[in-house]
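Spelled out from the first residue to the last, the chains are:
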Amino acid sequence: MSLRNIGIVYRKELIDSLRDQRTLISMIAVPLLLVPLLTIGLLVVMVRQVGEASEEVPKVMILGGEDSPNVRSGPGILAK
Amino acid sequence: MIEAQGLVKKFRDKTRGEVRAVDGVSFRCRPGEIFGLLGANGAGKTTTLRILATILTPSAGTAIVAGYDVTRQSQKVRSSVGFLSTATALYGRLSAREMVEYFGRLHGLDETTLRQRIDAIFERLGMNDFRDRRCDALSTGMKQKVSIARTLVHDPSVMIFDEPTVGLDVMAARTIIEFIRECRDRGKTVIFSTHVMSEVEKLCDHIGIIHDGRFLAEGTLADLRQRFSKQDLEDIFVEVVEQ
């Protein structure tokens, strides 16, 4: 096929695709709207979870604490 | 001019093995004449026409279309042939004008000639009212006109019609029939396949009866009537096929 014919077919395909709503949606609406929305949404969720995790007070259980009386009598330790 | 010599087309089928869809078909169709290929469904009409239009290559035999060999000079044959069937296969999102322009450009027409041809064809076929309307919004008759315009845009000397009126209403079929007559009157070589006897009686100068891929009878309507001593073409067809 000659370059001229390739150009003619390419131009026709381009016009045809640009008039197709489904192609337009998948070519423009999805990359421009859906992808940023998903990216920003995921970031918001991640930031929120990291924030919540940093505010949480971790609970630690000490096994065999009889040998470590200093640890057992430290601040915030609840004796069992 | 179309000259077919011993055309054969074999296909391989999983269940039936080798199938000879066209089996030694020879005929001649002259300019200014309509040659009718008459046959039942599956007789080999479409395969024969597709070989002439270079869509299929023959397994054996030769065909000369507009002076060019269908196997060795297929590109030149394509530029001399217009092929029309019932399936319009238009690009729905292109307008009627864009559609014809597209094929005109692919045939290598320059922009000035293309514009002149389109104006003339659209005027002749009464297509100016819908020239900028998208093809998917056109009626069947309008689509057929676009298809005709596409077939004519490169001004081919040979016209091939493969059952062009199947499934069309009376008005759309009439447009096609008139168009076929016009092609003959303009001196084009016209070959036309159908299984509708009345169309053959109305249109064809020469008739070839094809069955199971083989050419069984050929001649003018008057010749066939005389040879088989029957007036009705349907009776002639049945006798030829049953023989």
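Residues numbered from 1 in each chain as written. Chains lettered and ligands numbered in written order. Predicted model: local features only at pLDDT ≥ 70, side-chain atom pairs only at ≥ 80, totals over all residues.

Participant: Explain the overall build of chain B to me, please; I cannot follow it from the model alone.
Facilitator: Scanning chain B from N- to C-terminus turns up nine helices and 10 strands. Computed over C-alpha atoms, the radius of gyration of chain B comes to 18 Å, within 12% of the 18 Å expected from 2.2 N^0.38 for 243 residues, which places it in the range of a compact globule. Across its three principal axes, chain B shows a C-alpha extent of roughly 55 × 40 × 35 Å. Here chain B holds 243 residues, and 43% of them are scored as buried. Pairs at least 24 residues apart make up 68% of the contacts formed inside chain B by residues separated by at least 6 positions. (Helix = DSSP H or I, 4+ residues; strand = E, 2+ residues; numbered from the N terminus. Rg over C-alpha atoms; globule rule 2.2 N^0.38 Å. Buried ≥ 20, exposed ≤ 12 C-beta atoms within 10 Å, placed from the backbone. Contact = placed C-beta atoms within 7 Å.)

Participant: What should I look at first to understand the overall build of chain A in this one?
Facilitator: Helix and strand content of chain A: three helices and zero strands. From first element to last, N terminus to C terminus, chain A shows the α and β order α-α-α. Over its C-alpha trace chain A gives a radius of gyration of 31 Å, far above what one expects of a compact globule, namely 12 Å for 80 residues. For the C-alpha atoms alone, the extent of chain A along its principal axes is close to 90 × 25 × 15 Å. Sorting the 80 residues of chain A into buried and exposed places 1% on the buried side.

Participant: What am I meant to see in unusual backbone geometry here?
Facilitator: Residues apart from glycine generally show negative phi values, whereas peptide bonds are mostly found in trans. All names here are of chain B. Its identity as a non-glycine residue notwithstanding, Thr-54 has a phi of 65°, on the positive side. Within the element layout of this structure, Thr-54 appears in the loop between helix H1 (45–52) and strand S4 (60–65). With 21 C-beta atoms packed within 10 Å, Thr-54 lands in the buried category.

Participant: Got a minute to help me understand the environment of Gly-92 of chain B in this structure?
Facilitator: Within the secondary structure, Gly-92 of chain B sits in the loop between strand S6 (81–85) and helix H3 (96–106). For the pair formed by Gly-92 of chain B and Lys-143 of chain B, sequence separation is 51 residues and the distance between their alpha carbons is 9.9 Å.

Participant: Would you mind showing me how to read the nonpolar core here?
Facilitator: If you look at soluble globular proteins, the nonpolar side chains tend to sit buried side by side. Ranked by internal contacts, the top residues of the largest apolar core, which has 65 residues, are Leu-52, Val-65, Ala-149, Ile-160, Ile-191 and Phe-192 of chain B. Ignoring any residue separated from it by four or fewer positions in sequence, one finds Ile-191 of chain B in contact with Ile-2, Cys-29, Phe-35, Leu-37, Leu-49, Leu-52 and Ile-160 of chain B. (Core = buried A, V, L, I, M, F, W, Y, C linked by C-beta atoms within 7 Å.)

Participant: Explanation requested: the sheet that holds strand S3 (residues 33–38) of chain B in the structure shown.
Facilitator: Two orientations exist for strands paired in a sheet by backbone hydrogen bonds: parallel and antiparallel. Residues and elements named next belong to chain B. Pairing within the open sheet is mixed, and its six strands lie in the order S6-S7-S8-S3-S9-S10. Among the strands making up the open sheet, the edge pair consists of S6 and strand S10 (214–219). Across the sheet, the mean angle from the axis of one strand to that of its neighbour is 15°, orientation sign disregarded. Two elements, S3 and strand S8 (residues 189–194), share six bridges in a ladder whose sense is parallel. The residue of S8 that forms the bridge with Gly-36 is Phe-192. Of the strands in this sheet, S3, strand S7 (158–162), S8 and strand S9 (206–211) touch H1, which is tilted by about 155° from S8. Strands S3, S7 and S8 of the sheet are contacted by helix H6 (residues 170–185), whose axis makes an angle of about 150° with S8. (Pairing = 2+ DSSP bridges. Axes fitted to C-alpha atoms, helices over the stretch in contact; angles between N-to-C directions.)

Participant: Help me understand helix H9 (residues 233–242) of chain B, please; the structure alone is not making it clear to me.
Facilitator: One turn of an α-helix holds 3.6 residues; hence residues three or four places apart share an orientation. Residue and element names in this part refer to chain B. Inspection of H9 places Leu-233, Ile-236 and Phe-237 among the buried residues, and these make up the whole buried set. Each buried residue of H9 lies within a common arc of 100° when the element is viewed along its axis, so the set occupies one face. Exposed residues on H9 whose side chains face more than 90 degrees from its buried face are Glu-234, Val-238 and Glu-242. Contacts from the buried residues of H9 go to S3, helix H7 (197–203), S9 and helix H8 (221–228). (Arc of directions from axis to C-beta.)

Participant: Would you explain the pairing of S4 of chain B in this entry?
Facilitator: Regular strands place their side chains on alternate faces of the sheet. All names here are of chain B. Pairing geometry for strand S1 (residues 2–13) and S4, over five bridges, is antiparallel. Across the sheet, residue Val-8 finds its bridge partner in S4, namely Ala-60. Where S4 and strand S5 (residues 68–69) come together, two bridges link them in antiparallel fashion. Paired with Val-65 across the bridge in S5 is Tyr-68. Counting the residues that bridge the hairpin from S4 to S5 gives two residues, and of these Ala-66 lies at a positive phi of roughly 55°.

Participant: Would you explain the interface of chain B and chain A in this entry?
Facilitator: Interfaces are often sized by the amount of accessible area the parts lose when they come together. The partner chain A presents seven residues to the six residues of chain B that form the contact. When the residues that make up the side of chain B that touches chain A are grouped by side-chain class, the tally is four nonpolar, no polar and two charged. (Nonpolar A, V, L, I, M, F, W, Y, C, P; charged D, E, K, R; others polar.)

Participant: Is there a simple way to think about the pairing of S3 of chain B in this case?
Facilitator: All names here are of chain B. For S3, the buried fraction is high: five of the six residues fall into the buried class. Where S3 meets S9, four bridges bridge the pair, whose relative direction is parallel. Counted as the bridge partner of Phe-35 is His-206 from S9.

Participant: Sorry, what's going on with the environment of Leu-24 of chain A here?
Facilitator: As for its placement among the helices and strands, Leu-24 of chain A is situated in helix H2 (residues 21–55). Sequence separation between Leu-24 of chain A and Leu-14 of chain A is 10 residues, and the spatial gap between their C-alpha atoms is 11 Å.

Participant: Looking at this structure, I do not really get the confidence of the model for chain A. What am I missing?
Facilitator: Note: predicted coordinates in regions of low pLDDT should not be interpreted at a detailed level. Scored by pLDDT, chain A has a mean of 85; 96% of the residues are at 70 or more. Here helix H3 (residues 69–72) of chain A stands out as the least confident element of chain A, with mean pLDDT 76; helix H1 (residues 3–18) of chain A is the most confident, with 92. (pLDDT = per-residue confidence, 0-100.)

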